[in-house]
Amino acid sequence: MSDLDQLTQSLARNLKRWRGERGFTLDALAARAGVSRGMIIQIEQARTNPSVGTTVKLADALGVSIATLLDHEQGSPVRLVPESQAVRMWSTDAGSSTTLLIGTDARGLLELWSWRLMPGDSSASDPHPEGTVELLHVTAGELTLVVDGTPYAVPAGGSASFEAHHSHAYRNDGPDPVEVTMAVSVPPIR
């Protein structure tokens, strides 16, 4: 089974599981996530591999991390994720990418990400639920963090935190690749 097939199967199984645990009908999850009922059916039947945006919307609506929706090995109190099993969520032909390193649902959601943005690349994010916080640390290059339309320069060695229920984007306006480690904390669903 290819990595993409495994990812599709894990997402199908976990989306069904969490939708059931939350007691959401297809229509309720569709309304809550802003994703069509038909798309949810296709995902749950492992007939499609949704976009990162769709996956984020579903995870937010269910109150779970993306890591939880994509996890294919749950159960142990310790979770080790070898580099080969980190989930590449987004990439461009220029070489930019984001990789979900690990996440947890303990006391709210917490995810750890590795980002790489090539010169001229950017990635925009829909606002997350109220109370979501992102922490980031730039390890190479200079990141342009844009929150509610305002750009902030974060050079290598610098860190930033922000309330991620605001619209936000990550850009590389410089000549060198940007590498960022990011943590995302989402409060428990109410």
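Rules of the game
Residues numbered from 1 in each chain as written. Predicted model: local features only at pLDDT ≥ 70, side-chain atom pairs only at ≥ 80, totals over all residues. Heavy atoms only, no water. Core = buried A, V, L, I, M, F, W, Y, C linked by side-chain atoms within 4.5 Å. Buried < 20%, exposed > 50% of the residue type's maximum accessible area, 1.4 Å probe, protein only. Contact = heavy atoms within 4.5 Å. Salt bridge = Lys/Arg side-chain N within 4 Å of Asp/Glu carboxyl O. Helix = DSSP H or I, 4+ residues; strand = E, 2+ residues; numbered from the N terminus. Pairing = 2+ DSSP bridges. Axes fitted to C-alpha atoms, helices over the stretch in contact; angles between N-to-C directions. Parallel < 35°, antiparallel > 145°, perpendicular 65-115°, else oblique. Nonpolar A, V, L, I, M, F, W, Y, C, P; charged D, E, K, R; others polar. Phe/Tyr/Trp six-rings, centres within 6.5 Å; stacked < 30°, edge-to-face > 60°.

1. Here we look at the nonpolar core
Moving on, step 1. Judged by nonpolar contacts, the single largest core of 44 residues is most densely connected at L29, L58, L136, L143, L145 and Y170.
Moving on, step 2. When residues no more than four places from it in sequence are discounted, the contact partners of L136 are L143, L145, V154, G158, S159, A160, F162, Y170, V180, T181 and M182.

2. Some remarks on the pattern of salt bridges
Moving on, step 1. The full count for this structure, using the stated rule, is four salt bridges.
Moving on, step 2. For D27, the salt bridge is made with R37, and the minimal N-O distance between the two is 3.0 Å. Linking D27 in helix 2 (residues 26–33) with R37 in helix 3 (residues 37–44), this pair joins segments that are 10 residues apart in sequence.
Moving on, step 3. For R171, the salt bridge is made with D173, and the minimal N-O distance between the two is 2.9 Å.
Moving on, step 4. Under the relative-accessibility criterion, R171 is labelled partly exposed at 29%.

3. As for the pairing of strand 5 (residues 133–140)
Moving on, step 1. Two elements, strand 5 and strand 8 (residues 159–163), share five bridges in a ladder whose sense is antiparallel. Note that in strand 8 the partner of L136 across the bridge is A160.
Moving on, step 2. Note that strand 5 and strand 10 (residues 178–186) share seven bridges and pair antiparallel. When the sheet's bridge partners are listed, E134 is paired in strand 10 with V184.

4. Points about the sheet that holds strand 7 (residues 150–155)
Moving on, step 1. Strand order across the open sheet formed by four strands is 4-9-6-7, with antiparallel pairing between neighbours. A strand with exactly one partner marks an edge of an open sheet, and here the two such strands are strand 4 (122–125) and strand 7. Sheet twist, expressed as the average angle between the axes of neighbouring strands with direction ignored, equals 20 degrees.
Moving on, step 2. Pairing of strand 6 (residues 142–147) with strand 7, which is carried by six bridges, proceeds in the antiparallel orientation. For V146, the partnering residue across the bridge sits in strand 7 and is P151.

5. Side note on the pairing of strand 6
Moving on, step 1. A large share of strand 6 lies buried, amounting to five of its six residues.
Moving on, step 2. Where strand 6 hands over to strand 7, the hairpin turn is made up of two residues, of which D148 adopts a positive phi near 50 degrees.
Moving on, step 3. Bridging between strand 6 and strand 9 (residues 168–171) involves four bridges; their strand directions are antiparallel. Along strand 9, the bridge assignment pairs V146 with A169.

6. Some thoughts on the packing of helix 1 (residues 3–22) against helix 3
The geometry of a pair of packed helices is captured by two quantities: the angle between their axes and the separation between those axes.
Moving on, step 1. Relative orientation of the contacting elements helix 1 and helix 3 amounts to 120 degrees, with a least axis distance of 7 Å. Overall, the two elements helix 1 and helix 3 adopt an arrangement that is oblique. Judged by residue contacts, L11, A12, L15, K16 and R19 of helix 1 engage I40, I43 and E44 from helix 3.
Moving on, step 2. Class assignment for the residues of the contact of helix 1 with helix 3 results in five nonpolar, no polar and three charged.

7. Things to note about the packing of aromatic side chains
Moving on, step 1. In the structure shown here, the tally under the stated rule is two aromatic pairs.
Moving on, step 2. With a centroid separation of 4.6 Å and an interplanar angle of 55 degrees, the aromatic rings of W115 and Y170 are classed as tilted. Of the two residues, W115 is situated in strand 3 (residues 109–117) and Y170 in strand 9; the sequence distance between them amounts to 55 residues.
Moving on, step 3. Given a relative accessible area of 10%, W115 falls into the buried group.
Moving on, step 4. Note on Y170: relative accessible area 3%, which makes it buried.
Moving on, step 5. Aromatic rings pair up to connect W90, W115 and Y170 into one cluster.

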